[in-house]
Amino acid sequence: MKVSDAITQRSSIRAFLDTPVSDELLKDLLEKSARAASGGNLQPWRIFVLNGESMERFIRALNSYNGEEYQEYDIYPPNLKSPYRDSRFKIGEDMYALLGIEREDKQGRYAHLARNFKFFDAPAAFFCFVDKCMGPPQWSDLGMFLQTFMLLAQEAGLSTCAQEAWANRAGPVRAFIQPPEELMLFCGMAIGHKDPTKPVNDLKSDRAPLSDWATFL
Ligand SMILES: Cc1cc2nc3c(=O)[nH]c(=O)nc-3n(C[C@H](O)[C@H](O)[C@H](O)COP(=O)(O)O)c2cc1C
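Below: a short report on this structure. For every chain, the first residue of the written sequence is number 1, and numbering continues from 1 onward in sequence order. Totals for whole chains, interfaces and linings use every residue, but because this is a predicted model, local features are given only for residues with pLDDT of at least 70 and side-chain atom pairs only at 80 or more, for both listing and counting. Excluded from the side-chain calculation are hydrogens and water; included are all heavy atoms of the structure.

**Some details on the overall build of the protein**
Note the cut-off: Strands are runs of DSSP state E lasting at least two residues, helices are runs of H or I lasting at least four, and both sets are numbered from the N terminus onward. Put simply, the radius of gyration uses C-alpha atoms, and a globule should come to 2.2 Å times the residue count raised to 0.38. By definition, residues are in contact when any of their heavy atoms lie within 4.5 Å. To measure how exposed things are, a 1.4 Å probe is used in the Shrake-Rupley method; for residues, cover is taken only from the protein chains shown. Lys and Arg are tallied as positive, Asp and Glu as negative. Neither His nor the chain termini are counted. The atoms used to mark charge sites are NZ of Lys, CZ of Arg, CG of Asp and CD of Glu.
From N to C terminus, the protein includes eight helices and four strands. Beginning at the N terminus, the succession of helices and strands in the protein can be written as α-α-β-α-α-α-β-α-β-α-β-α. Its C-alpha radius of gyration of 18 Å places the protein within 12% of the 17 Å reference for a compact globule of 217 residues. Restricting to contacts in the protein with at least 6 residues of sequence separation, those with at least 24 account for 83%. As displayed, the protein offers around 12,700 Å² of accessible surface, 54% of which is attributable to carbon and sulfur atoms. Taken as two groups, the 25 positive and 29 negative side-chain charges of the protein have centres that lie 2 Å from each other.

This is how it looks when you write it as structure tokens:
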């Protein structure tokens, strides 16, 4: 597969089949993803994989968790301004339209959001952590790693959804994974085979035109 095909064919998938994914394939994709560039070659990503049995254990632990709940970080800036706010609103409305969930149906919207916390039924996933001492430059390195992973997964016939929603459930994630104290959670990554019968997977997100964000001097 050409890189440009992987880029155009990738989209965030929010309904997965239960078809298993092998640990060997995940290892291969992760090792290749670590070829991503990072400033100073710091390679700041720290990855914890859930697959098959460990996924089942994690979901059970999550559902029976009654410890502290906290937010690892603020996902968006407070009072998100235009045009960023508009993009966020639009993708949400487009997604709920495909799902047939009206704006007034708060319970329906909440139920869909809660599907994040089942990895949208994906059989495999990982959590991406980073050392708390790292700053914005190293966080951008995580993005390079994650995008590389998503494209390689696409090439391997898998689908993905990056999930920062997990930052809102850092308590149970940390309790299950027990990562070293110096690590903080960035996001999850749902991995598996897409369910082609689910309309939510037809969501095609917009992109702003080049002239909105690139300046040729
Ligand atoms: C770091 C990151 C975190 C994300 N977190 C979530 C999430 O928690 N839940 C979700 O449904 N989508 C999440 N997304 C998917 C975005 O909504 C999606 O990438 C965006 O709308 C563009 O759509 P596309 O990925 O289909 O091109 C995340 C994407 C990224 C890159």
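**Quick look at a nonpolar patch on the surface**
Under the convention used in this document: Each patch groups residues whose relative accessible area exceeds 30% and which form no salt bridge, using 9 Å between like charges and 5 Å between nonpolar side chains of Val, Leu, Ile, Met, Phe, Trp and Tyr. Salt bridge, as used here: a side-chain nitrogen of Lys or Arg that lies within 4 Å of a carboxyl oxygen of Asp or Glu. For each residue, the accessible area found with a 1.4 Å probe, counting protein chains only, is set against the maximum for its type, and the residue is called buried under 20%, exposed over 50%, and partly exposed in between.
Residues Leu 210, Trp 213 and Phe 216 make up a contiguous nonpolar surface patch of roughly 430 Å² in combined accessible area. Take Phe 216: it is sitting in the segment after helix H8 (210-213). Overall, Phe 216 belongs to the exposed group, its relative accessible area being 72%.

**Quick notes on the nonpolar core**
Convention followed: Nonpolar core, defined: a set of buried Ala, Val, Leu, Ile, Met, Phe, Trp, Tyr and Cys residues in which side-chain atoms within 4.5 Å join the residues together.
One finds Phe 126, Cys 128, Leu 146, Phe 149, Met 189 and Ile 191 to be the most contacted residues of the largest nonpolar core, which totals 25 residues. Looking at this core, the element that brings in the most residues is helix H6 (residues 136-155), giving seven residues. Each residue touching Ile 191, except ones within four places of it in the same chain, is listed here: Phe 16, Val 21, Leu 26, Ala 122, Pro 123, Ala 124, Ala 125, Phe 126, Phe 149, Leu 158, Ser 159 and Thr 160. Counting 22 residues, the second-largest nonpolar core is a separate cluster that includes Phe 16, Phe 127, Ile 177 and Leu 185.

**Side note on the site of the ligand**
Under the convention used in this document: Here, proximity means that at least one heavy atom of the residue falls within 4 Å of the molecule or strand. We call two N or O atoms a polar contact when they sit within 3.5 Å, provided that within protein one can donate a hydrogen and the other can accept it, with sequence-adjacent residues counted only if both atoms are side-chain atoms.
Surveying the vicinity of the ligand reveals 15 residues, the closest of which are Ser 12, Arg 14, Glu 164, Ala 165 and Arg 207. Within the contact set of the ligand, an oxygen atom lies 2.9 Å away from a side-chain nitrogen or oxygen of Arg 10. The contact in question runs from an oxygen atom of the ligand to an N or O atom on the side chain of Arg 14, over 2.7 Å. When the ligand sits alone it has 620 Å² of accessible area, and the protein chains cover 74% of it.

**Some remarks on the sheet that holds strand E3 (residues 159-163)**
The line we're drawing: For two strands to be treated as a pair, DSSP must find no fewer than two bridges joining them. Structural elements are reduced to axes, namely lines fitted to C-alpha atoms, with helices fitted over the stretch in contact, and the angle between N-to-C directions of any two is expressed from 0 to 180 degrees.
The sheet built from four strands is open, its strands ordered E1-E2-E4-E3 with antiparallel pairing. The open sheet has two free edges, formed respectively by strand E1 (46-51) and E3, since each of these has just one partner strand. Neighbour-to-neighbour, the strand axes of the sheet open up by a mean angle of 20°, direction not taken into account. One ladder, built from eight bridges, connects strand E2 (residues 124-131) with strand E4 (residues 183-192); its direction is antiparallel. Bridge assignment links Asp 131 to a residue of E4, and that residue is Leu 183. In the packing of H6 onto the sheet, contacts are made with E1, E2, E3 and E4, and the angle to E4 comes to roughly 10°.

**Describing helix H7 (residues 170-177)**
With respect to burial, H7 is a largely interior element, six of its eight residues being buried. Along its buried surface, H7 packs onto E1, helix H3 (53-63), E2 and E4. Phi for Gln 178, located one or two positions after H7, is positive at around 50°.

**Overview of the packing of aromatic side chains**
Heads up, the condition is: Ring pairs shown here join Phe, Tyr and Trp side chains whose ring centres sit within 6.5 Å, with only the six-membered ring taken for Trp; geometry is labelled stacked below 30 degrees between planes, edge-to-face above 60, and tilted in between. In this scheme, Lys NZ or Arg CZ marks a charge over a ring once it lies within 6 Å of the ring centre and within 35 degrees of the ring normal.
This structure, assessed with the given rule, holds 15 aromatic pairs. Geometrically, the ring pair formed by Phe 58 and Phe 119 is tilted, given 6.1 Å between the ring centres and 50° between the ring planes. Within this pair, whereas Phe 58 is found in helix H3, its partner Phe 119 is found in the loop between helix H5 (106-114) and E2, the two being separated by 61 residues in sequence. Here Phe 58 matches Phe 119 in class, with each residue buried. Summarising the aromatic geometry, the rings of Phe 119 and Phe 127 are spaced 5.5 Å apart at their centres and angled 55° between planes, so their arrangement reads as tilted. Each member of the pair Phe 119 and Phe 127 is classed as buried. One aromatic cluster is present, built from ring pairs that chain together Phe 58, Phe 117, Phe 119, Phe 127, Trp 166 and Phe 176. Cation over ring: Arg 169 sits above Phe 117, and NZ or CZ is 5.5 Å from the ring centre.

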